[in-house]
Amino acid sequence: MSALTIEGLKEILNEAAGDDDSFKTGQDILDIPFLELGFDSLALLETVALIKRKHGAAIADDELAYIETPRQLLDKVNGQIAA
């Protein structure tokens, strides 16, 4: 399975939020905390569920508590995909 890109993650985040275009192409969100992006814990749980369904990478709830930015989430997901 191929790595999850930032653009792919943006699509998943938009889907989890029920929005079609929260993030614009090229917008740098890698190091912006999810809370500042408007994602609470429930939205992140939905995001993780979508990532598992689409990419096969599972993140435990206790691990999710320590993931604060899209970069950290991408690193975690892509680490699992590579393994």
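Residues numbered from 1 in each chain as written. Predicted model: local features only at pLDDT ≥ 70, side-chain atom pairs only at ≥ 80, totals over all residues. Heavy atoms only, no water.

(A) Geometry of the environment of Glu46. Locating Glu46 in the fold gives a position in helix 3 (residues 41–55). By relative accessible area, which is 35% here, Glu46 ends up partly exposed. Spatially, the C-alpha atoms of Glu46 and Leu13 are 8.7 Å apart, while their sequence positions differ by 33 residues. (Helix = DSSP H or I, 4+ residues; strand = E, 2+ residues; numbered from the N terminus. Buried < 20%, exposed > 50% of the residue type's maximum accessible area, 1.4 Å probe, protein only.)

(B) Local environment of the environment of Leu64. With respect to the helices and strands, the residue Leu64 is situated in helix 4 (residues 61–64). The class for Leu64 is buried, based on a relative accessible area of 10%. Linking Leu64 and Leu45, residues 19 residues apart in sequence, is a C-alpha distance of 8.1 Å. If near-sequence neighbours (up to four positions away) are discounted, Leu64 is found in contact with Leu44, Leu45, Val48 and Ile59. (Contact = heavy atoms within 4.5 Å.)

(C) Structural view of the pattern of salt bridges. Under the defined criterion, the tally for this structure stands at 4 salt bridges. Residue Glu7 is joined to Lys10 by a salt bridge in which the shortest nitrogen-to-oxygen separation is 3.3 Å. Here Glu7 pairs with Lys10, and both are found in helix 1 (residues 6–17), just 3 residues apart, close to one helical turn. The salt bridge involving Arg71 is made with Asp31; its shortest N-O contact spans 2.7 Å. Of the two residues, Arg71 is situated in helix 5 (residues 70–82) and Asp31 in the loop between helix 1 and helix 2 (34–37); the sequence distance between them amounts to 40 residues. When its relative accessible area of 37% is taken as the criterion, Arg71 is described as partly exposed. (Salt bridge = Lys/Arg side-chain N within 4 Å of Asp/Glu carboxyl O.)

(D) Fine view of helix 3. With 15 residues, helix 3 extends 20 Å between its outermost C-alpha atoms, agreeing within 8% with the 21 Å of an ideal straight helix rising 1.5 Å per residue. For helix 3, every residue scored as buried is listed here: Ala43, Leu44, Thr47, Val48, Leu50, Ile51 and His55. Down the axis of helix 3, the buried set is contained in an arc of 165°. They therefore lie on one face. Opposite the buried face of helix 3, by more than 90 degrees, sit the exposed residues Ser41, Leu42, Lys52 and Arg53. At the C-terminal side of helix 3, Gly56 shows a positive phi close to 75°. (Expected span 1.5 Å × (residues − 1). Arc of directions from axis to C-beta.)

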